[in-house]
Amino acid sequence: IRGAGTWKSERVIASRQGPHLRLAGGGAGILNFCANNYLGLSSHPEVIRAAVEALEKFGAGLSSVRFICGTQSIHKDLEEKIARFHQREDAILYASCFDANAGIFEALLTPEDAVLSDELNHASIIDGIRLCKANKYRYKHMDMQDLEAKLQDAQKHRLRLVATDGAFSMDGDIAPLREICQLAQKYDALVFIDECHATGFLGPNGRGTDELLGVMDKVTIINSTLGKALGGAAGGYTTGPKPLIELLRQRSRPYLFSNSLPPAVVGCASKALDLLMESNAIAQSMTAKTQRFRSKMTAAGFTISGKDHPICPVMLGDARLAAVMAEDMLNRGIYVIGFSYPVVPKGKARIRVQISAVHSDEDIDRCVEAFTEVGRKHGALP
């Protein structure tokens, strides 16, 4: 791994998650631009207070899976709240969205069925699909002609499920859900979306990609996480039709054989959802900050992938350039990470910047200034 240049080192943080960090070993006042803490709720005082209250009332953990003695009232309350937030019939909690993705395809699909997956879907979707015995189709990234051709071929199967990320984590682009839903309706297919990088901040009320694109009534199944915008601790879920959720409680292996979510995590996520449903102000604040970073970086001469998403990949192409620029950015007090093969395709190395609602305009401007200095130093800018 070292020889291939893909060894991943872990920087150690000695403070809570937030826009400003302290690194172990003395690095203080570091601006953090690579967390999934989109709404800044990881360290929100009300979210932390809710976790402490749940810990004191319900204990550290359940020491059990859900169907034995691992279901508390707060688990049921959170599942109901998730379903209400997404305007779906029911929801089921998992230890992570990776587990939710690992648990749904095998439980839902048989050898008589077909699943059609975007080629750039998250690794957890790919692994979940591998576990099922359905007929597998992979269509070119966001290519609706290719999806339609594969849907036509899949008509011979009993059930067809189109699976896509709502927002793709490496490129910051958003799935064309309107077109996907139109094709699904035309070819009698179901639509599944992974909303980990959309829940809480995309759409007028932060309900995600389906709300943003006006197809909430056409997407059948949503998997998402509590570990990013919704408190940032851990946990994932599936929400959708009640019969599907009931089936998952009976057949989904990660649900049946994993301990239930710790009460403190449930308390965090529940309070995060309360804050979002009380006001859309936090979700709306993302738009202007994202636009500020993207427009200033583009004006400086950088190529930013994706569109209108707080994931802002600064495209550099060369893996070594991405690594040395990220290191130089840290020397200037900006925490970012370079991504290269095999995380992204060869020749598509980038530094992925992620904007948070708790970044100030000054934070964003300082980040752009550092990128400009480092980019000129290493020849990424003229």
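Conventions and cut-offs
- Residues numbered from 1 in each chain as written.
- Predicted model: local features only at pLDDT ≥ 70, side-chain atom pairs only at ≥ 80, totals over all residues.
- Heavy atoms only, no water.
- Buried < 20%, exposed > 50% of the residue type's maximum accessible area, 1.4 Å probe, protein only.
- Helix = DSSP H or I, 4+ residues; strand = E, 2+ residues; numbered from the N terminus.
- Pairing = 2+ DSSP bridges.
- Expected span 1.5 Å × (residues − 1).
- Contact = heavy atoms within 4.5 Å.
- Phe/Tyr/Trp six-rings, centres within 6.5 Å; stacked < 30°, edge-to-face > 60°.
- Lys NZ or Arg CZ within 6 Å of the ring centre and 35° of its normal.
- Salt bridge = Lys/Arg side-chain N within 4 Å of Asp/Glu carboxyl O.
- Axes fitted to C-alpha atoms, helices over the stretch in contact; angles between N-to-C directions.
- Parallel < 35°, antiparallel > 145°, perpendicular 65-115°, else oblique.
- Left-handed = near helix turned anticlockwise from the far one by under 90°.
- Domains from an automatic or database assignment.
- Buried area = accessible area lost by both parts, 1.4 Å probe.
- 1 Å grid on protein atoms, 1.4 Å probe; cavity = no way out; pocket = protein on both sides within 12 Å on 5 of 7 lines; lining within 4 Å.
- Points joined across faces, edges and corners; volume = space filled by probe spheres on them.
- Nonpolar A, V, L, I, M, F, W, Y, C, P; charged D, E, K, R; others polar.

(A) Inspection of the pairing of strand 11 (residues 311-317) at higher detail. The element strand 11 is extensively covered by neighbouring structure, given that 5 of its 7 residues are classed as buried. As judged from the 2 bridges shared by strand 10 (residues 303-304) and strand 11, these two strands associate in the antiparallel manner. Looking at the pairing, Thr303 lines up with Met315 of strand 11. Both strand 11 and strand 14 (residues 349-354) contribute to a ladder of 6 bridges, which runs antiparallel. Residue pairing in the sheet places Cys312 in a bridge with Val353 of strand 14.

(B) Quick look at helix 11 (residues 263-278). Its 16 residues place the ends of helix 11 22 Å apart at the C-alpha level, agreeing with the 22 Å of an ideal helix rising 1.5 Å per residue. Those residues of helix 11 hidden inside the fold are in contact with helix 1 (45-58) and helix 3 (73-86).

(C) Quick peek at the packing of aromatic side chains. Tallied over the entire structure, the rule returns 4 aromatic pairs. Centroid distance Phe302 to Phe371: 5.8 Å. Interplanar angle 70 degrees. Geometry classified as edge-to-face. Highlighted residues: Phe302 in the loop between helix 12 (281-300) and strand 10 and Phe371 in helix 14 (residues 361-377), separated in sequence by 69 residues. Judged by relative accessible area, Phe371 falls into the buried class, the value being 0%. Geometry around Tyr335 places Arg11 over its ring, the cationic atom sitting 5.0 Å from the centre.

(D) Quick peek at the pattern of salt bridges. Tallied over the entire structure, the rule returns 22 salt bridges. Its salt-bridge partner being Glu327, residue Arg11 comes within 3.3 Å of it at the nearest N-O pair. One end of the pair, Arg11, is in the segment before strand 1 (20-21); the other, Glu327, is in helix 13 (residues 319-331), and 316 residues separate them in sequence. Residue Glu327 is classed as partly exposed on the basis of its relative accessible area of 41%. The closest approach of N and O atoms between Glu79 and Lys76, which form a salt bridge, is 3.6 Å. Residue Glu79 and its partner Lys76 are both found in helix 3; the two are separated by 3 residues, about one turn of the helix.

(E) Local environment of the packing of helix 4 (residues 97-108) against helix 5 (residues 123-131). Between helix 4 and helix 5, the shortest axis-to-axis distance is 7 Å and the interhelical angle comes to 30 degrees. The pairing of helix 4 with helix 5 is recorded here as roughly parallel in orientation. The handedness of the crossing between helix 4 and helix 5 comes out as right-handed. Contacts between helix 4 and helix 5 involve Phe98, Asn101, Ala102, Phe105 and Glu106 on the former and, on the latter, Ser124, Ile125, Asp127, Gly128, Ile129 and Leu131.

(F) Here's a closer look at the domain arrangement of the protein chain. In terms of domain boundaries, the protein chain breaks down into domain 1 (2-32 + 280-378) and domain 2 (45-278). Of note, the centres of domain 1 and domain 2, computed from C-alpha atoms alone, are 27 Å apart. Counting residues at the interface gives 19 residues for domain 1, matched by 18 residues for domain 2. Together, the buried faces of domain 1 and domain 2 total about 1400 Å²; carbon and sulfur atoms form 58% of this surface. Ranking the residues of domain 1 by area buried against domain 2 places Asn280, Ala283 and His309 at the top, with a combined share of 33%. The interface formed by domain 1 and domain 2 includes 1 salt bridge. For the salt bridge of Arg350 with Asp171, the shortest nitrogen-to-oxygen distance reads 3.4 Å.

(G) Region of the structure containing the sheet that holds strand 8 (residues 221-225). Pairing is mixed in the open sheet, where 7 strands are placed in the order 3-9-8-7-6-4-5. Of all the strands in the sheet, just strand 3 (90-94) and strand 5 (135-139) have a single pairing partner and so form its edges. Sheet twist, expressed as the mean angle between neighbouring strand axes with direction ignored, is 20 degrees. One ladder, built from 5 bridges, connects strand 4 (residues 114-118) with strand 5; its direction is parallel. Opposite Val115, over in strand 5, you have Lys136 as the bridge partner.

(H) The arrangement of empty space enclosed by the protein in detail. Counting across every chain of the model gives 2 cavities of 30 Å³ or more. Forming the boundary of the largest cavity are Arg66, Leu93, Tyr94, Ala95, Pro254, Tyr255, Ser258, Asn259, Ser260 and Leu261. Broken down by secondary-structure element, the contributors of at least two residues to the lining of the largest cavity are strand 3 and helix 10 (253-256). Counted by class, the lining of the largest cavity contains 6 nonpolar, 3 polar and 1 charged residues. Lining of the second largest cavity is provided by Gly18, Pro19, Asn32, Phe33, Cys34, Ala35, Asn37, Gln354, Ile355, Ser356, Val358 and His359.

(I) Seen up close, the packing of helix 3 against helix 11. Closest axis-to-axis distance for the helix 3/helix 11 pair is 10 Å, and the angle between their directions is 30 degrees. Considering the angle they form, helix 3 stands roughly parallel to helix 11. Every pair of crossing elements has a handedness; the one defined by helix 3 and helix 11 is left-handed. Where helix 3 approaches helix 11, its residues Ile74, His75, Leu78, Lys81, Ile82, Arg84 and Phe85 are matched on the opposing element by Pro263, Val266, Ala269, Ser270, Leu273, Asp274, Leu276 and Met277. Across the contact of helix 3 with helix 11, the residue classes tally to 10 nonpolar, 2 polar and 3 charged.

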